[in-house]
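# An overview of the molecular structure
Listed below are the residues making up each chain.
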Amino acid sequence: MNDSWSSALQGEKDSPHFRAVMQFLDQQREQGITIYPPRDRLFAALKATPIEQLKVVILGQDPYHGPGQANGLCFSVNPGVPLPPSLLNMFKELQADLGIPISRHGDLSHWAHQGVLLLNTVLSVAAGQPQSHQGQGWEPFTDRIIREVNDRCPHVVFLLWGKPAQSKLGMIDSQRHTVLTAPHPSPLSAHRGFFGCKHFSRCNAALVGHGQTPVDWALPALA
């Protein structure tokens, strides 16, 4: 991770929960279990979005568990990978909200480089086994990230979709930051209020209202 996060998360690498999850991952690999995302992408969200540039947090659950999907940014997939259903629903809402055509690829690094932290609550998963790395030590680590963002950043827009993301509400000062909640964009829940939430335009309105640059949500076409 970059220097800004290393400073903000000082002491985390020596914490019992971080040591436990690293040991757990080593044991899984020794057993021949495939883990997503690849080892060099575990902390991709922190590398892509330094804390001093951060202005939006989108909080996911755990990484995609299919081959070639997870790339360390929540909801994002690498170019050439078919759009997962939740991401497609995000693009549908973006089109309805701001008129942005549905992207032909799902690489969200364009958002991350503008200050959108694309963080999963759990940063790894075993292939084909959703939620398999819950309770192994990632949650206290990502809780620390949320608390540091809350304390260090002057104003952040938190987009909390679904109950797991909304469980972090108690860590966020809603007097200082903007918090927008909605059901998860999964096909199971998107029709319960994610569609029509207008979070993308409301996020930008909140940023502009606090003197910050709005996010360009339109993903650039691939060369």
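This text goes with the structure placed above it.
Residues numbered from 1 in each chain as written. Predicted model: local features only at pLDDT ≥ 70, side-chain atom pairs only at ≥ 80, totals over all residues. Heavy atoms only, no water.

## A look at the layout of surface pockets
- Its volume calculated, the largest pocket comes out at about 530 Å³.
- Lining the largest pocket are 27 residues, with Asp62, Pro63, Tyr64, Ser86 and His184 positioned closest to its centre.
- Broken down by class, the residue content of the lining of the largest pocket amounts to 13 nonpolar, 13 polar and one charged. (1 Å grid on protein atoms, 1.4 Å probe; cavity = no way out; pocket = protein on both sides within 12 Å on 5 of 7 lines; lining within 4 Å. Points joined across faces, edges and corners; volume = space filled by probe spheres on them. Nonpolar A, V, L, I, M, F, W, Y, C, P; charged D, E, K, R; others polar.)

## What to know about helix H4 (residues 85-98)
- With 14 residues, H4 ought to run about 20 Å at 1.5 Å a step, and its terminal C-alpha atoms sit 20 Å apart, in line with that.
- Taken as a whole, H4 has its buried residues at Ser86, Leu87, Asn89, Met90, Phe91, Glu93, Leu94 and Asp97.
- In this fold, the buried residues of H4 make contact with helix H5 (109-112), strand S5 (157-161) and helix H8 (199-209).
- Positive backbone phi, approximately 75 degrees, marks glycine 99, located one or two places after H4. (Helix = DSSP H or I, 4+ residues; strand = E, 2+ residues; numbered from the N terminus. Expected span 1.5 Å × (residues − 1). Buried < 20%, exposed > 50% of the residue type's maximum accessible area, 1.4 Å probe, protein only. Contact = heavy atoms within 4.5 Å.)

## Observations regarding the pattern of salt bridges
- Taken as a whole and judged by the stated rule, the model has six salt bridges.
- Salt-bridge contacts for glutamate 148 lead to arginine 144; the nearest nitrogen and oxygen are separated by 2.9 Å. With glutamate 148 and arginine 144 both in helix H6 (residues 138-152) and four residues apart, this pair spans about one turn of that helix.
- Accessibility expressed as a relative area gives 13% for glutamate 148, which makes it buried.
- Shared partners join several salt bridges into a network, and the residues in it are Glu12, Arg144, Glu148 and Arg152. (Salt bridge = Lys/Arg side-chain N within 4 Å of Asp/Glu carboxyl O.)

Function cannot be inferred from these measures alone, as they are strictly geometric.
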